[in-house]
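Each chain is listed here by its residues.
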Amino acid sequence: MRTETPVAVKLKDYTPYPFEITVVTLDFDLGAQKTVVKAALSITPRGQGAMRLDGEALHLNYVAVGLAGEPSKPVDPADFTVDARGLTLHAPPQQPFVLETEVEISPEANTALSGLYLSGGRLCTQCEAEGFRRITFYPDRPDVMSSFRVRMVGPKDEFPILLSNGTPGASGDLANGRHYAEWIDPHKKPAYLFALCAGDYDVLRDTFTTMSGKHVDLGIHVDKGDAPRAAWAMDALKRSMRWDEEAYGREYDLGVFNIVAVRDFNFGAMENKGLNIFNSAYVLADESTATDFDFEAIESIVAHEYFHNWTGNRITCRDWFQLCLKEGLTVFRDQNFSADMRSRPVQRIKDVIKLRARQFAEDAGPLAHAVRPDTYGAIDNLYTATVYEKGSELIGMLRRMIGNDKYREGMDLYFARHDGQAVTIEDYYACFEAVSGRDLSDFRRWYAQAGTPEVRVTEAWDPATGTLKVELSQSVKPTPGQPVKHPLPIPLLCALLDGKGGHTAEPFLHVLEKSNETLELKVPPGSPRPSLSVGRDFSAPIRIDRNLTREDRLALVKAETDPFNKWDGLQTLIKDEIIALSDGSQTNPDHELVAAIASAVRGANDDPAYAALLTRLPEVGELFLERQQADPVALAAAQKKLKTALYHQLANEVSETLKAAPPAPYHPGAEQASIRAMRTAFIGLLSASDSRDAAPALYGLYERAPNMTERLSTLRALMFTKGGAKSEAISHFEALWKNNPLVMDKWFSVQASTGTAEDVKRLIAHPAFDLKNPNRVRSVIGAFAMQNLAAFHAPDGSGYRAVEATILAADKVNPALGARLITAFEQWRLLEPKARAEAEACLKRLVEAGLSENAMDIAGRALAGGA
Ligand code: TRP
Ligand code: ZN
């Protein structure tokens, strides 16, 4: 069996929906095996012609139409058609009418986790992007906004808590152990924001008073016994609500805000109006089960979903091409929230690491696409690093160019002008043009052009006139469907450094507009040559190429005053070093470089989180982009060599730091987390020590670990050691945590991301491996294919063969998940010839075996694309 790739949807084909849906009334008779959904849509035609409703996997019981104020009558079978994708009413009334349908769906049989499904015995929904059509017949597109009223009926013992969007209405008991509840959402919304949850939960409750004094009831719904573990999520929620008031003047707009945690979920979380649904991994945390990384992720995802209330829900997208309008902007908002909660430079560096690892890789391969593409295949596959992370960078550049005040004015205008609407990127930018008086049409090209721009910087110094001549040239490599690229306005934050910790010229913003430009930077006559600091704070999502020697770069790192650039200067040196070690042009790590890293680490001891980042060595995947053909096995070996050298340079600091006890009592906030980040970094370095004492030392730390942050970092470090300690720790951890699925995900992931193909086969065969649970599948297949590149891309193809059958099986169960896993192949063309041939053969076998449309969209592009 082979599946066709999905039919492409095109931006230029957009037309408004020819009907207005004023009110949607939904009536659910809930059951795990069978749920009956009655829908009544109040409709006003805006034109003439047939009415098309989306619908998938629905069993239709009846369809009826009634003119406003009259009883409805069944529609004659000749007057409507149902096909695999929806329902067409051939000749709907040309005046306001009510359309009634009744359908049956099976939540239990829904393993795609889109629409209404069962997770841990409870009912929940996921409607973005196109899940509502798996609940009832409806124009399932974001520009159709309507008022929703929901009534649910079900057995009270099985579903004691009944939740939907908006505010609770009537509720009560019925005959035969059943009960009902009504929810009314006063805000018009698109169907993708609909949500319903039913089941038995423990609830952590709290309240919030908004800036104008309105009272909000907050509830986080979790598994029985887990309520205390939702405390951090609750704290993050209240801080998010306050932050949006202070930073953007945005107040919450309902009296109720609920979060529900579910174990089976395709993404991180979902911003349904007044009823956010979360992957339980991003709700539940305490010191013994969650790492600082988890606490930080919870804080930022809770904020992200909450911030969508204004950027996404009150103002939504006209169509899915505009996805970055809500996602890029909301990521930008959550990143700034996190920066305010913690350290701004550390946050910036982490965001850039993520951008480079995921988005730059996407841009460099067959899946490259614009932040706002003009065509897509499967919509689920548009939730990418480009839309989210690069989308956020574009907002950051806008703010940098117009300044904080104009940015805020523009946002205020956007909220005022478009509240309650479904809009486009053009509508958004028109607000900033209005407040700044600038023409931003050139800047908007960033949304249309795929690929990572590269800026070449060449300098010439004239001591006679005290002039530093800086030549800047930009280029972008071709991407699939976009062979010709145009220059973009690139904001470059620059400064001239005096080499003594100060500036010869204070930071200034230069916007590079043309392909080539020359800057003449003058310093007072007689001054020594200044160093150029460019791309400070990562002021644009680009690659900067400077033709500097190792000595120049080391001097620049010492002179840097920008924390991002200081870190990045070292990263560039480290990347070059790993590549030189991997291709054999150098045998041993350069002592001067290793000493420079160590001294930067020591120099940052007042900010341990920053110091921890200075010890970081780039991941193998990041190095793929630096030199082709990429040899992951050689790169991983070279990275290890450098890590060992760095360990030896810092051995005293490592042992001193790890001798001290971790901070107690535990608090997840930035101050303590920063200290633990340094410990984690040093534990990682210790794993690269070639001494026989390392494994016992790590095992000792593992055994004494007072929290999961240290437990997991020592377990991970032990994976790189030889001898009995490693397997002892693996069994100990499993015995301790076998009943906690989130912790067991870590157990799987630690092994899959460090082990061999044989290890992965063993993990897949483990009784707790579960194809229906995306977290578990990702913790094995995702961790192996995306974090363990030397083993996944083994030249003999053993890595691919270890996971191939499981990817196929996962795709059958859950196409969104299957497609996501196949993106691990996106870099295959960059590989050395052996792995490359094996990867291509594996992709072809997958296609031959038969993939879902979602997965075929990825596999097809991966095989076809390429420059
Ligand atoms: N809109 C969600 C967010 O960014 C993510 C999302 C999109 C999602 N589609 C999904 C979540 C499908 C779960 C399942 O916050
Ligand atoms: Zn989002």
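Owing to the predicted nature of the structure, the values given are computational and were not obtained by experimental measurement. (Residues numbered from 1 in each chain as written. Chains lettered and ligands numbered in written order. Predicted model: local features only at pLDDT ≥ 70, side-chain atom pairs only at ≥ 80, totals over all residues. Heavy atoms only, no water.)

Undergrad: What am I meant to see in the sheet that holds strand S30 (residues 531-534) here?
TA: Strand-to-strand pairing in sheets goes through backbone hydrogen bonds, with the strands running parallel or antiparallel. Pairing is antiparallel across the open sheet formed by three strands, whose spatial order is S28-S27-S30. Where the open sheet ends on each side, the last strands, each with one partner, are strand S28 (503-512) and S30. For this sheet, the mean angle separating the axes of adjacent strands, direction not counted, is 20 degrees. Across four bridges, strand S27 (residues 490-497) lies against S30 in antiparallel orientation. Note on S30: the bridge partner recorded for Ala495 is Ser533. (Pairing = 2+ DSSP bridges. Helix = DSSP H or I, 4+ residues; strand = E, 2+ residues; numbered from the N terminus. Axes fitted to C-alpha atoms, helices over the stretch in contact; angles between N-to-C directions.)

Undergrad: Please clarify how the layout of surface pockets should be interpreted in this entry.
TA: Gaps left between atoms are located by rolling a probe of water-molecule size over the structure's atoms. Estimates place the volume of the second largest pocket at around 760 Å³. As for the second largest pocket, its lining consists of 31 residues, and the residues nearest its centre are Ile544, Asp545, Arg553, Asp568 and Thr572. Element by element, the count of residues in the lining of the second largest pocket is highest for helix H10 (residues 563-582), at seven residues. Here the lining of the second largest pocket is built from residues that sort into twelve nonpolar, six polar and 13 charged. A domain-level breakdown of the lining of the second largest pocket finds at least three residues from each of domain 3 (454-540) and domain 4 (565-864). (1 Å grid on protein atoms, 1.4 Å probe; cavity = no way out; pocket = protein on both sides within 12 Å on 5 of 7 lines; lining within 4 Å. Points joined across faces, edges and corners; volume = space filled by probe spheres on them. Nonpolar A, V, L, I, M, F, W, Y, C, P; charged D, E, K, R; others polar. Domains from an automatic or database assignment.)

Undergrad: Would you explain the site of ligand 1 in this entry?
TA: Surveying the vicinity of ligand 1 reveals 14 residues, the closest of which are Glu128, Glu271, Glu305, Glu327 and Tyr388. Between ligand 1 and the protein, one listed contact pairs a nitrogen atom with a side-chain N or O atom of Glu271 at 2.7 Å. Between ligand 1 and Glu305 there is a distance of 2.7 Å, counted from an oxygen atom to a side-chain nitrogen or oxygen. Contact with the protein chains covers 95% of the free accessible surface of ligand 1, which is 370 Å². Listed by contribution, the elements that provide at least two residues to the shell around ligand 1 are strand S20 (269-270), helix H2 (292-307) and helix H3 (323-341). (Near = heavy atom within 4 Å. Polar contact = N/O pair within 3.5 Å; in protein donor to acceptor, adjacent residues only side chain to side chain. Areas by Shrake-Rupley, 256 points an atom, 1.4 Å probe, with all protein chains shown as cover.)

Undergrad: What is the right way to look at the domain arrangement of the protein in this model?
TA: For interface size, the figure often reported is the accessible area lost on association. In terms of domains, the protein is made up of domain 1 (1-200), domain 2 (316-448), domain 3 (454-540) and domain 4 (565-864). With centres defined by C-alpha atoms, the gap from domain 1 to domain 2 works out at 31 Å. The partner domain 2 presents 22 residues to the 15 residues of domain 1 that form the contact. When the buried surface of domain 1 facing domain 2 is broken down by residue, Val9, Leu11 and Pro142 rank first, second and third, together holding 36% of it. (Contact = heavy atoms within 4.5 Å. Buried area = accessible area lost by both parts, 1.4 Å probe.)

Undergrad: What is the right way to read empty space enclosed by the protein from this model?
TA: In total, this model carries one cavity of 30 Å³ or more according to the counting rule given. A volume near 40 Å³ is recorded for the largest cavity. Considering the residues around the largest cavity, the lining is formed by Val470, Leu472, Leu492, Cys494, His510, Leu519, Leu521, Leu532 and Val534. Listed by contribution, the elements that provide at least two residues to the lining of the largest cavity are strand S26 (467-475), S27, strand S29 (516-522) and S30. Residues of the lining of the largest cavity, tallied by class, amount to eight nonpolar, one polar and no charged.

Undergrad: Can you walk me through the nonpolar core in this structure?
TA: In summary, soluble globular proteins display a tendency toward joint burial of nonpolar side chains. If you look at the biggest cluster of nonpolar residues, it comprises 154 residues, and the most contacted ones within it are Phe28, Phe194, Val283, Tyr407, Tyr414 and Tyr428. Discounting residues that sit within four places of it in the chain, Phe28 has contacts with Thr35, Val36, Val37, Ile135, Val150, Arg151, Met152, Val153, Phe194 and Leu196. In terms of nonpolar packing, the next biggest core, distinct from the first, is built from 113 residues, Leu573, Ala717, Ala819 and Ile822 among them. (Core = buried A, V, L, I, M, F, W, Y, C linked by side-chain atoms within 4.5 Å. Buried < 20%, exposed > 50% of the residue type's maximum accessible area, 1.4 Å probe, protein only.)

Undergrad: What exactly am I supposed to notice about the environment of Leu686 here?
TA: With respect to the helices and strands, Leu686 occurs in helix H15 (residues 670-686). Exposure remark for Leu686: the relative accessible area of 8% places this residue in the buried category. A C-alpha to C-alpha distance of 53 Å links Leu686 and Cys431, two positions 255 residues apart in sequence.

Undergrad: Could you clarify how one ought to interpret the side chain of Lys390 in this entry?
TA: As for its placement among the helices and strands, Lys390 is situated in helix H5 (residues 385-402). What Lys390 contacts, discounting residues up to four positions off in sequence, is Leu355, Gln359, Asp363, Val371, Ala385, Trp446, Gln449 and Gly451.

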